[in-house]
Structure formats: C-alpha cells, structure tokens
Amino acid sequence: MNINKEVFSKMDLLTDLVVDEVKKVFEQYKNCNEIDSELQMIGLDFSYICYFDPNLKGIVVDCEREINFLNDLKILDKTTCYDNNIIGMDRAGHYLYSSPIILGQETKYFLICTSHANQDTFTLLILEMLATFISTRLETHIKLQEIFLKNDHMKQITETVSEGSITVDKFGTIMLINEVGGEMLGLTAEEVIGKQISEVLDNCAFSLDVLKTGKPIIEKEIKIKINKGQYYFRLSSVPLYDNLDEPIGVIYNFKDTRKEVEMIVNTKSFFHFEDIIFQCEEMENLINLAKKAALQDSSILIEGESGTGKELIAQSIHNHSSRSKKPFVVIDCSAIPRNLVESELFGYDEGAFTGSQKGGRMGKFERANGGTVFLDEIGEMPLEIQSKLLRVIQSRSITRIGGHEPIPINIRIIAATNRNLAQEVSEGSFRHDLYYRLNVINLFVPALRERKGDLPLLVYKLMEKTAKREKRDVPNLSDRVMGVLENYPWPGNIRELENTMERAVILANGEIDYQQLPKRLLEIQNIHLNSTAVPSEPFVNQIVQKPKRVMEQQLIINALKEFSGNKSKAAKKLGIARSTLYEKMYQYQLN
C-alpha cells in the first residue's frame, strides 16, 4: 500500500474511518467483474483522491494523481452517471459514476468509479449499494468510537486510576490521556489529543500490534526517553473491540516502576520533629537548625555518636520538607556487601552480568526519585563508590550497570556518620570533594551524656512506651535507680537507654530497682545488688569527672568478658553497632 504522508496529515478521524471502511468493502467486492478497474472516493473538504487499484490489491492515497477535473466538476448529491467524457484519466473515454456517503444526514464524501459504459443500470445499483453499506457501517463505528473512546464516562474512569492511561483509535490517533499519564510523561491533553501516538512517544512498545494478535500485553518493562533522560515503566496494552468484534482501538496503561518502591525497600518515614523528646538548649538549637534546613534542598550531613538518633532527625527533616509525600529511602552503607554496592545504588540493565534479573533492576537512587535518600554510615562507603556518588550529586542523574543512557533523578541527600569525617578526609580514607558536597549543612547530634536534664524525661517516655505496648501500668522508679541512670555514661546513647528501660519495665513488678538494671550499669559504679544506699555525692562527682575513655574501655571489657569474647553479643548488650565496637576496640587497643 502506498500512502502519501502529506495527504494523511490533512485527514481527520472521520476520514480515517471512511478510508478504512472503503478498504474493507473493496476487499469484499474486488473480485466482482462488473465493477471497473478503478473505484475512487473523494472528500469535498480534502484535495486528494482515494482510489482502488486491483493490481495493488488495496487502497492507494495519492495527491500526485491529476484531480483538476474533479475540482471543476460539480458532483451531485445522488447516485449519478455523468455523460461527459473524463479528460486526464488513465484512459480516455471513461464515464464517471458517483454515489454519496451519508453520515448523520449530511454528505461529506462520495464513492466514485469510472466505466466504459454510459448510464449502466447495474453499475449505478452496485455503487449505491456499496455507498449505503459504507454509510451504515460508518454510523455504527462513529457511535462506538464515542462510546468507547471519547465519552465522558471513559474519561472519568481513566482519571480515577493511579496508573497512566492513553487511549488511541485503531489508527493510532490519541483520543484520551489521563492526568496521571500526562504528569508521568510531561505532556498535556491539549498537546497530544488528535496526534498519532508514534509522533508523541518514540517507542515501538506503543504499537497497534495487539489489534492484529488480539492478545493483550501485560506489564512489559519499557524505557521511554523524556527530556533527554531515560525512564522505566511497566506497560500493558489492551485491544478494544466493538459488539461486532471489530477492532476500534487500544488502551495503554503504564506505571512508573518507581511507584513499586514501597513494596521492595523501606521508603516510609514515620518520625516528625514533634516526636523528638528534649528540653535541653543543645537539642533545641539542633531542632531549629534542622527545621530551617528541611525547607531547602541542599545536602545535609548529620554527625554524632552511634545511637543518638541521627535517622530520627533525617526522617523528621524529610517529613518537614516539600518532599514529604515522596519516598524516603534508607541506604545503610555499612551493611551492603562491597561487591554489590554499585548495583544496589544504581541498578543494572538486563544482561549486565551473569545471573542478572530479567528486565534489569532499578537501584535505590532511582527508586527514591522525587524524595530523599538517607545514606547512613556514609563513612563506610568504599572509595571507588564515593567517586560515583559524587558524579550523581553533580549531574543529578544515574546510569545503570550495563546501561548507557543517563536516567535523571530528583533527590535530596541526607548523610549520617558516627565517624569524624573531617579527620577521615585528612587521612585520605574519604574523598574531600564528596565531603564538601555532602556537608553543605552540618547537624551535630549531642551524645546523651551531654544533654543535661533530658535523661529523666526520656526515661519516663520510654517506660511509658514499653508499658503501653505490653499493656501494663508504668512502674515506679526508685530514686537510687534514677541516680544510677543519670550517672551512667551511656556509650550507646538513646538506643542503649531504650533497651535498658524496655528490659526494666518488662522485669519490674510495680517498681524498678537495681534488680531490673543490667549488670554493666551497676558494676561500673561499684554498686552491689544488696546495697540499699543511694550513691554518695563524692561518688557522683567521681563518675561525672571520670574520663569517657576509661569508662567506655571498662564497659567494653566487661561485655566481652561476659560473652567470652563474642563481639556480636557484646555489641548488642552495649547497644551499639558491631562496626562501632570494632572501632572502639581498635581505639582502646583491646584486640
């Protein structure tokens, strides 16, 4: 079939339908010898001829064909044979026959044929039957198009779904696009309705092949280029048929695979600034600064000892920002195996390596698009990955392993560490350029022992939390126990305090005393279980003034001794991460 694109660009939906119906009619009647070698159709509003050539076995649309004689000829609104010979046709001496195609009591098109015979009754009868048949079929098609493709109910349905949706007719003309789909693709309905989908989306996945096979395609992963970037979607293509089982169009439903993130990785942030318990000035200053930082998009570096609540601060910042409804993706840089860090962060394309998942896999940065990435324990990130992270921050795009196309991402990065990154930079174990990229806004979370006056408030809130969960009354706390808690250095900070108070509430029988406290709290203060005295003031001063290094060293020694050198159990008892325990042991030369 030879199609002139210039002509088709002038054709509207109705003309498409007319041409399609004429093609079908010709296919059914082309073997009738009574019909001459050429059948033609002309639209009064268009300067083209659509004619049938049996040798090509199909419709040919061609504006190159001489049509001046038709512009000068007045075609009557009835089945007619014109007596005058037609000059300029392929063969001289032909007579022109025409019959109107009536749509809604209006004539817009004519079915035209030529014949050697003049005023041939049979030709007139056949032509009128064909024109009537086409008119009837077109009326049905137009009504079905309005019912299935263009009506308000269809539009309302597509607007209620959470996926993107595009409906096209059987020629690929876009009839509907819902708001979700437009937002995903960066398009508006005004821009695309009436255009060919192949012009709008340069992707072969949005084809009309399902109309030929009759089989829908369900959730096929595709890549679409948008604004010089590459995005991944899951596309379903479903063919639409009328009640005569004739194809009328295709509906494409697609979803951004990043929307599936909540089923795969932690993307929820539960804490808000209101959940942070404090009354000391140090924490008040920190919270005020964090709230200001949340309103910007600059990178944030949160520093502080293990267990001080750095992730709680990060979640609160996310929930206080304009990104609060988008994903919050946590990446524990110390927990991902070194050989998998790159694929976990940036994802990979299908076939990138042996054993790679079919269709590829999205990385966590891509899943977080629009939201916040929380890089916990950033100091543990390998140097070779640090350079790639720096490029991501600078270019705001990632490239999957095995891929070549950059994928734009819009994320806010919050990093956290219990290390002294400035010192790590000076020692060459952390990139200085990445450090300055991350450390635009610096937040330092004070250790629990530095939060003067916060401990009694925290103790009560943590007791209340456990009691509520365990469905029991909040136990009383003796003064001497509060004295022990206040004078303990809490190397594991709030995480250690929470574990301690949970244990105490569960073991308490109405009141918490020495018996419900872990031994390490009592041993470091030389308190025996049969003691009834409150620690004396000189002893309190001694505890407060005792160097942190000595206290931490003694705690670690006691924990390792208790568990016969088992570092995992010792770290758990101390309320710190195993990696932190290794650091402390190296620092205090306890290996």
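These lines cover the structure that appears in this document, whether it is placed above or below. (Residues numbered from 1 in each chain as written. Predicted model: local features only at pLDDT ≥ 70, side-chain atom pairs only at ≥ 80, totals over all residues. Heavy atoms only, no water.)

**Notes on unusual backbone geometry**
For step 1, the next point in the chain: Backbone geometry at Q119 places phi at a positive 55°, although glycine is not the residue there.
For step 2, the next point in the chain: In this fold, Q119 is placed in the loop between β6 (106–115) and α4 (121–150).
For step 3, the next point in the chain: The backbone of S564 shows a phi angle near 50°, a positive value even though the residue is not glycine.
For step 4, the next point in the chain: Its place among the elements puts S564 in the loop between α22 (548–562) and α23 (567–574).
For step 5, the next point in the chain: With a relative accessible area of 71%, S564 lands in the exposed category. (Helix = DSSP H or I, 4+ residues; strand = E, 2+ residues; numbered from the N terminus. Buried < 20%, exposed > 50% of the residue type's maximum accessible area, 1.4 Å probe, protein only.)

**Some remarks on helix α10 (residues 281–294)**
For step 1, the next point in the chain: The first and last C-alpha atoms of α10 sit 20 Å apart over 14 residues, in line with the 20 Å expected at 1.5 Å per residue.
For step 2, the next point in the chain: Listed in full, the buried residues belonging to α10 are M283, L286, I287, A290, A293 and A294. An end-on view of α10 places all buried positions within 125° of arc, on one side of the element. Every exposed residue of α10 that faces more than 90 degrees away from the buried side is listed here: E281 and K292.
For step 3, the next point in the chain: Of the surrounding secondary structure, the elements contacted by the buried residues of α10 are β12 (300–303), α11 (310–319), β19 (412–417) and β20 (441–444). (Expected span 1.5 Å × (residues − 1). Arc of directions from axis to C-beta. Contact = heavy atoms within 4.5 Å.)

**Observations concerning the side chain of T466**
For step 1, the next point in the chain: Topologically, T466 is positioned in helix α17 (residues 455–470).
For step 2, the next point in the chain: What makes T466 buried here is its relative accessible area of 5%.
For step 3, the next point in the chain: Setting aside residues no more than four positions away along its own chain, T466 makes contact with E502, V505 and I506.

**Here's the deal with the packing of α23 against helix α24 (residues 578–587)**
For step 1, the next point in the chain: One can describe the packing of α23 onto α24 by two numbers: an axis separation of 9 Å at closest approach and a directional angle of 100°. Relative to α24, the element α23 lies roughly perpendicular. When α23 is examined against α24, the residues K567, S568, A570, A571 and L574 are found in contact with a partner set consisting of R578, L581, Y582 and M585.
For step 2, the next point in the chain: Taken together, the residues that form the contact of α23 with α24 break down as 6 nonpolar, 1 polar and 2 charged. (Axes fitted to C-alpha atoms, helices over the stretch in contact; angles between N-to-C directions. Parallel < 35°, antiparallel > 145°, perpendicular 65-115°, else oblique. Nonpolar A, V, L, I, M, F, W, Y, C, P; charged D, E, K, R; others polar.)

**Focus on the packing of aromatic side chains**
Remark: the centre distance and the inter-plane angle together describe each pair of aromatic rings, the angle taken between the planes.
For step 1, the next point in the chain: If you walk through the whole model with that rule in mind, you get 7 aromatic pairs.
For step 2, the next point in the chain: Taking the centre distance of 5.3 Å and the plane angle of 65° together, the rings of Y435 and Y436 count as edge-to-face.
For step 3, the next point in the chain: With relative accessibility at 10%, the residue Y435 sits in the buried group.
For step 4, the next point in the chain: Its relative accessible area of 55% is what places Y436 among the exposed residues.
For step 5, the next point in the chain: Relative to W490, the ring of Y488 lies with its centre 4.6 Å away and its plane at 85°, an arrangement referred to as edge-to-face. (Phe/Tyr/Trp six-rings, centres within 6.5 Å; stacked < 30°, edge-to-face > 60°.)

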